[in-house]
Amino acid sequence: MQFISVKQNSLLPITGLKIILFIALHFLITFFLQLLHFNFEKELISNFFSIENTSIILAQTFILIWIGLWLFSITRSLLLATIINTVFFLLMGVANQQKIQYRSEPLYPSDIYFLKDINFVLDMVEPIYLVALILIVTFITGVFIYILMSKNKRSADHKYKIFRLVSIIILTYGLFYMSNFNKPGNAIKEFFSNHTSWVMFNQHSNYSKNGVIVGFLFNLKSPAMQEPGGYSEKKVEEIINKYKKQSIATNEDRVTNLDDMNIVYVMNETFSDPLYYDGLSVNQDPISDFRNLENFGNISWVYTPAYGGGTANVEFEALTGISLEPLSANITTPYIQLAKEIESYPSILSLVGDKYDRLAIHPYNTNLYKRKEVYEGLGFDQFLDHHTMEYTERIENNEFISDESAYKEVIKTIEGNQKPSFIHLVTMQNHQPYLGKYDNLLFEVEGTPDNIETAHYMNDLYYSSLALKDFISKLENSPEKTVVFFWGDHLPSLYGDDVYGSNGKTKMHKTPLYMYSNFSEIGAVPDTISPIYFMNHIYSLNNSKVSPYIQLLMSLEEHIPVISNGTYYSEKKSEYYNRREELPVAAQELLNDYDIILYDITTGANYSSKLGLYN
């Protein structure tokens with residue numbers, strides 16, 4: 001095999017040696033990707049690079065070589081192609097390692113969307129990596145300019161041009177085929193499926209078991225759900241009729257419709273209860289004002305599907321009643337991956353309809369998570385961001401708008417609207433970076449990787465708790481009937497690995513949930529629920545009639561109040577399970593009904609809409 005080059009005086013005149021070095025370097029890239037993924041832990045690296053994994057290691061290296069050859073066919077310089085390929089994948093490795101560090105999840109293809117808000121991304125990257133990135137880009141630019149200036153001006157012959165054109169076509173087609181990794185019948189995916197098994201419920205584990213490159217390919221675009229067994233129009237109709245009958249029985253004792261009260265969702269950035277977690281010590285309670293609110297409502301827990309980040313995934317579940325658990329394993333950010341389809345999904349917005357003024361408030365920009373596009377699809381009438389809000393005060397050096405300002409915006413809306421309001425507030429005050437936010441630290445912390453940083457975060461919690469208390473106080477004295485659902489979207493990653501290890505996954509995915517009504521008693525609520533069930537309690541608070549869809553969610557909550565990837569809580573057994581198959585039979589049957597309805601809504605023919613699921 002010979003690489004054809006228009007350049008006669010190569011830096012390495014022996015073409016065979018070039019090929020050997022080219023291949024060897026791509027093996028090294030495969031190694032370094034896993035090295036960074038495992039954060040340099042020797043035992044994990046040794047286990048991955050074992051004889052049993054030879055096939056998947058070779059196949060991943062082949063994919064890297066293919067990309068390198070494509071770059072070579074484009075640039076006509078093996079040196080430049082190799083440098084670009086090496087740097088790109090090493091940067092990908094660093095990005096993957098940093099994301100795991102901050103959010104306990106690997107890099108996904110959909111994460112490229114966040115480059116639209118580059119400042120937000122850079123805030124989460126360690127400075128040393130930013131310096132390295134600048135130096136690397138400068139180096140590549142210099143090499144590229146040198147190669148262009150030194151390249152032989154003599155035109156290539158006709159045969160070379162044909163060979164190069166054919167190479168570009170073949171190699172580009174190969175890349176296109178790789179990009180359809182999740183398309184049924186894809187030979188590359190079938191190869192890996194025959195040599196390994198996929199970890200569906202945990203993509204960090206999937207990347208660890210099968211490799212960063214394969215894990216990344218696995219998370220490329222795919223249908224929202226895999227078709228469950230027994231799916232048909234007849235089966236959908238059967239399920240809807242089942243819950244329609246149940247809803248009729250439920251509605252016999254309900255006298256109103258959801259059209260005479262204000263509904264406020266407050267998804268509070270990284271709000272947590274630091275006294276709940278073992279291994280973490282704080283000299284005084286930063287959320288004492290929050291605890292005192294139990295006199296006016298109900299405090300419990302929400303089991304969030306996210307940790308360290310992934311706000312929009314929690315938001316998606318709360319607004320739609322659609323759990324991420326049954327979705328395809330590679331649907332990691334529905335707001336981004338399913339933005340075009342989301343208009344047809346059920347949501348609290350579509351259920352309250354145009355009887356309500358529907359407002360979203362997010363004191364940040366509209367680019368993150370495609371919120372502007374998604375909110376329009378869900379049915380919000382208006383979206384206020386940091387540019388369009390009237391109240392934009394910050395606390396001390398905090399770069400983000402305060403919770404107090406956000407609540408002022410909510411009160412102004414409630415008092416100014418003639419119709420009842422549905423307001424969805426996603427706060428930003430408690431977002432990282434934390435260091436330097438406050439001149440006067442009110443708390444002393446022990447047990448985290450950076451106790452000073454965590455002390456700044458404790459100030460955040462204190463101000464959030466105080467602002468919520470003042471907000472509820474105003475609602476208590478308001479003639480407007482209003483309910484509030486307040487919850488933390490996820491824990492911050494700054495608590496660290498030791499605290500996570502001391503508490504385990506279940507506790508580290510719990511954040512406080514507060515339900516409040518200024519006109520009615522809060523009924524019984526399970527100790528911990530998933531965000532998909534919030535709508536059930538909205539209907540219960542007002543004694544409102546329910547649709548078959550809400551009835552399905554109510555039945556599901558009765559048996560399985562917590563549904564998340566790899567975590568299920570059985571109310572009947574008072575026990576957590578890791579797999580669906582371990583749940584009681586009645587709970588499994590409910591999940592099967594839920595699967596078929598969600599598949600119909602997200603991927604199938606949407607028979608549900610015409611068969612009256614929402615009526």
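One structure accompanies this document, and this report is about it. (Residues numbered from 1 in each chain as written. Predicted model: local features only at pLDDT ≥ 70, side-chain atom pairs only at ≥ 80, totals over all residues. Heavy atoms only, no water.)

Counting secondary structure elements, the protein contains 23 helices and 13 strands. Computed over its C-alpha atoms, the radius of gyration of the protein comes to 27 Å, within 12% of the 25 Å expected for a compact globule of 615 residues. Projected onto its principal axes, the C-alpha coordinates of the protein cover approximately 85 × 65 × 45 Å. Taken across its 615 residues, the protein has 55% of its residues classed as buried. Within the protein, residue pairs in contact and separated by at least 24 positions form 73% of the contacts whose partners lie at least 6 positions apart. Each charge class in the protein was averaged separately, 47 positive and 67 negative side chains, and the resulting centres sit 13 Å apart. (Helix = DSSP H or I, 4+ residues; strand = E, 2+ residues; numbered from the N terminus. Rg over C-alpha atoms; globule rule 2.2 N^0.38 Å. Buried < 20%, exposed > 50% of the residue type's maximum accessible area, 1.4 Å probe, protein only. Contact = heavy atoms within 4.5 Å. Lys, Arg positive; Asp, Glu negative; His and termini not counted. Charge placed at Lys NZ, Arg CZ, Asp CG, Glu CD.)

Further remarks concern unusual backbone geometry. Cis geometry marks the peptide bond from Gln432 to Pro433; its omega dihedral reads 5°. Summarising the element assignment, Pro433 is placed in the loop between β6 (421-426) and β7 (445-446). With a phi close to 55°, Asn606 is a non-glycine residue in the positive phi region. Secondary-structure assignment places Asn606 in the loop between α22 (585-602) and α23 (607-610).

With that settled, the discussion passes to a nonpolar patch on the surface. A cluster of nonpolar residues, Leu17, Ile20 and Leu21, forms a patch on the protein surface that exposes about 270 Å² of accessible area. In this fold, Leu17 is placed in helix α1 (residues 15-37). (Patch = residues over 30% accessible without salt bridge, like charges linked within 9 Å, V, L, I, M, F, W, Y side chains within 5 Å. Areas by Shrake-Rupley, 256 points an atom, 1.4 Å probe, with all protein chains shown as cover. Salt bridge = Lys/Arg side-chain N within 4 Å of Asp/Glu carboxyl O.)

Describing two packed helices takes the angle between their axes plus the distance from one axis to the other. Where helix α20 (residues 534-541) contacts helix α21 (residues 548-559), the two axes come as close as 9 Å, and the packing angle between them is 105°. By the criterion of interaxial angle, the relationship of α20 to α21 is roughly perpendicular. Counted together, Met535, Asn536, His537 and Tyr539 of α20 and Tyr549, Ile550, Leu553, Met554 and Glu557 of α21 form the full contact between these two elements. By residue class, the composition of the contact of α20 with α21 is 6 nonpolar, 2 polar and 1 charged. (Axes fitted to C-alpha atoms, helices over the stretch in contact; angles between N-to-C directions. Parallel < 35°, antiparallel > 145°, perpendicular 65-115°, else oblique. Nonpolar A, V, L, I, M, F, W, Y, C, P; charged D, E, K, R; others polar.)

The next subject is helix α16 (residues 371-378). Within the sequence span of α16, burial applies to Arg371, Val374, Tyr375, Gly377 and Leu378. Seen along its axis, α16 keeps its buried residues to an arc of 160°; they face one direction. Immediately beyond the C-terminal end of α16, within one or two residues, lies Gly379, with a positive phi of roughly 110°. (Arc of directions from axis to C-beta.)

A few words on the side chain of Gln429. In this fold, Gln429 is placed in the loop between β6 and β7. Of the residues examined, Gln429 reaches a relative accessible area of 1% and is grouped as buried. Other than its neighbours up to four places away in sequence, Gln429 contacts Ile395, Asn398, Phe400, Ile401, Ser402, Asp403, Lys437, Tyr438, Asp460, Tyr463 and Ser464.

Don't take any of this as a statement about function, it's just geometry.
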